[in-house]
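# A closer look at the structure
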Amino acid sequence: MALSASLHTSLSQPKMADTWSLLDRCSNMEELKQIHSQMIKADLVADAVPMSRLLVFCASPNSGDLAYAEMLFERFERPNTLMWNTMIRGYSNSYEPERALPLYHQMLHHSVPFNAFTFPFLLKACSTLSALEIIQQMHAHIIKFGFGSEVYATNSLVHGYAMAGSIKSAHLLFGRLPHRDIVTYNTMINGCKRCGDIELADEIFKEMPEKNVVSWTTMISSYVEAGQYKKSLNLFQEMQTVGVEPDDVSLTCILSACAHLGALDQGKWIHAYIDRTVIQIDPIIGCALIDMYARCGDVEEALAVFLKMERKNVAAWTALISGLAINGKARDALYWFMKMQKAGIMPNQITFTAILKACSYAGLVDKGKSLFQSMEKSYGLKPTIEHYGCMVDLLGRAGMLTEAKKLVETMPMKPNAVIWGALLSACRIHGNKELGKQIGKTLIEVDPDHGGRYIQLASIHAAAGEWNQAVEVRKKMKVRGLAKLPGCSAISINGIVHEFFAGDNSHPDMKEIYHEWNQIAERLREEGYKPATGSLLHDLEDEDKETAIHHHSEKLAMAFGLRRMKPGTTLRIVKNLRICEDCHTVARLISKIYDKEMIMRDRIRFHHFRDGKCTCGDYW
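First things first, this report covers the structure right here in the doc.

## Let's talk about unusual backbone geometry
- Phi at aspartate 595 is positive, roughly 50 degrees, even though this residue is not glycine.
- Structurally, aspartate 595 can be placed in the loop between α33 (581-593) and β4 (598-601).
- Residue class for aspartate 595 comes out exposed when judged on its relative accessible area of 63%.
- At aspartate 611, a position not held by glycine, the phi torsion is positive, near 55 degrees.
- Its location among the elements puts aspartate 611 in the loop between β5 (606-610) and β6 (613-614).
- The class of aspartate 611 is exposed, set by a relative accessible area of 52%.

Pasting the structure below:
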């Protein structure tokens, strides 16, 4: 029987049991209001038990109506503890969590007894507000009213301190707790993750007497967010070894790690696991898979995942367009950008960042300008600093430095280091040394604690033959105690990710890697290759310059891949910085001499090398 029909029959001669039955079956506010009206007629509204049930439904964040709950609460003569807790919880889950706190003071004023659920709801509101001082007051009250040994209350207190940014207080409390359950440990690990203390999170994780999927997932996501992708992959493998089944969240996190590392084999295994365990590919996992394949250079598989998705939201379309952009497939990105709109999905600001990058990487200046102008005019989207950055990059790469500089000077917001950095890179590429020196100085003023900014300016001076100035810039960098981020390249072979740093000797097979590289270098010289050492410091001898450039991390990764990988397999290398001109030339030559396809991802985009050519067309 439908609920509306039941209302007329069950409450015509109302009984408490009928009211319980109807409240249990209630699914929306319209039905609840009908039940409430019948309860008024039957004079059941003075009874705290059914009214508490009404209030619980109304205060629910999913299907309720907090304003209606507030009206019910205020009209009840003597609300019980459950009612007060329900309202506090309702506000703590709302957009106005601060409204939960006055209710607590009213409870104190009216001498309403607390229970084990009162403080966790209040602490949730305080956590949302990051109200450390109030959390400390709540802590005192928890002890005063005898809830200091209640696990539910103390777990909420640990969470509150961590969310308020006081990980020391959270850890101190954690160490003093007489009882800890798995939630206590998970709460503490999550708090460490939020505060960026990965070492402490790892320490607590290792001492846990029992771990569930939440424990493993929280730790994996902590490593991913900290950029420690290899550790997250190792932990994921350990999680499987002990027999813990990953959930949607852990799979999404580990796909992100695979994407950053370019670990295609592991990413494919996870995709196969998802298919094998019949985990539904919802928009979140779908986006993670598209992003993983695209960032590993397998655009075809990224597109296949996209086409199989039943529900494609704007994030899925954007992930595909972005993936095509970074892989140098600008015209394909534009094609899917148009299809997206034909499908009735309106692009958002992230979509425009992706499509503008596609135009920038391919040198499609007119198309990029047209899209940028259409953002506000046709889509009602105000360009952000990221979009202006894309336009500066687009114009700068194309050699339109005057126009790029004018855009920077007239943009409606103050240019940041990324904007100036894009313009400086364009000056270096197109040999405009004078403008480059001006912008380089400005960039250091804007971002004085970034070592890479000094290197960029020093390189401009070196390219102009101004060695003394280049040395001075590097001295300033050293005086500030700054260091250049070391180049790191990763290559995945047989499911194991190998990392190399410039001039690295830490890999156990480094002797054979250098031997392999020396053989490669000899073959390159036979083909007429000469190292591009022009921008290296003048106080190095020519032979030392050549040695320095030969020890770049991507060259070590290439040598290792050529030595270890089977014929016919594709070398996939991921670098944390931009690929230099010399390494790009070497990769092109290797793809021809060794008949080897190579896919290299640098900090900005992909380079697909085959038969001595690169998909970037030497435009990067």
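So, next bit.
## Quick word on helix α29 (residues 467-479)
- Between its first and last C-alpha, α29 extends 18 Å over 13 residues, near the 18 Å set by a 1.5 Å rise per residue.
- For α29, the set of buried residues is Ala470, Val473 and Met477. What you see down the axis of α29 is that its buried residues fit within an arc of 60 degrees, all on one side. Every exposed residue of α29 that faces more than 90 degrees away from the buried side is listed here: Asn468, Lys476, Lys478 and Val479.
- Check the buried side of α29 and you find it contacts α28 (451-463).
- Residue glycine 481 follows α29 closely and has a positive phi angle near 70 degrees.

## Focus: the packing of aromatic side chains
- Within the structure shown, the criterion is met by 15 aromatic pairs.
- Arranged with centres 5.1 Å apart and planes meeting at 80 degrees, the rings of phenylalanine 205 and tryptophan 216 form a pair that is edge-to-face. One end of the pair, phenylalanine 205, is in helix α13 (residues 198-207); the other, tryptophan 216, is in helix α14 (residues 213-225), and eleven residues separate them in sequence. For the pair formed by phenylalanine 205 and tryptophan 216, the shared burial category is buried.
- With a centroid separation of 5.3 Å and 80 degrees between ring planes, the pair formed by tyrosine 335 and tryptophan 336 is classed as edge-to-face.
- The class for tyrosine 335 is partly exposed, based on a relative accessible area of 45%.

Reading the values: rules and limits
- Residues numbered from 1 in each chain as written.
- Predicted model: local features only at pLDDT ≥ 70, side-chain atom pairs only at ≥ 80, totals over all residues.
- Heavy atoms only, no water.
- Helix = DSSP H or I, 4+ residues; strand = E, 2+ residues; numbered from the N terminus.
- Buried < 20%, exposed > 50% of the residue type's maximum accessible area, 1.4 Å probe, protein only.
- Expected span 1.5 Å × (residues − 1).
- Arc of directions from axis to C-beta.
- Contact = heavy atoms within 4.5 Å.
- Phe/Tyr/Trp six-rings, centres within 6.5 Å; stacked < 30°, edge-to-face > 60°.

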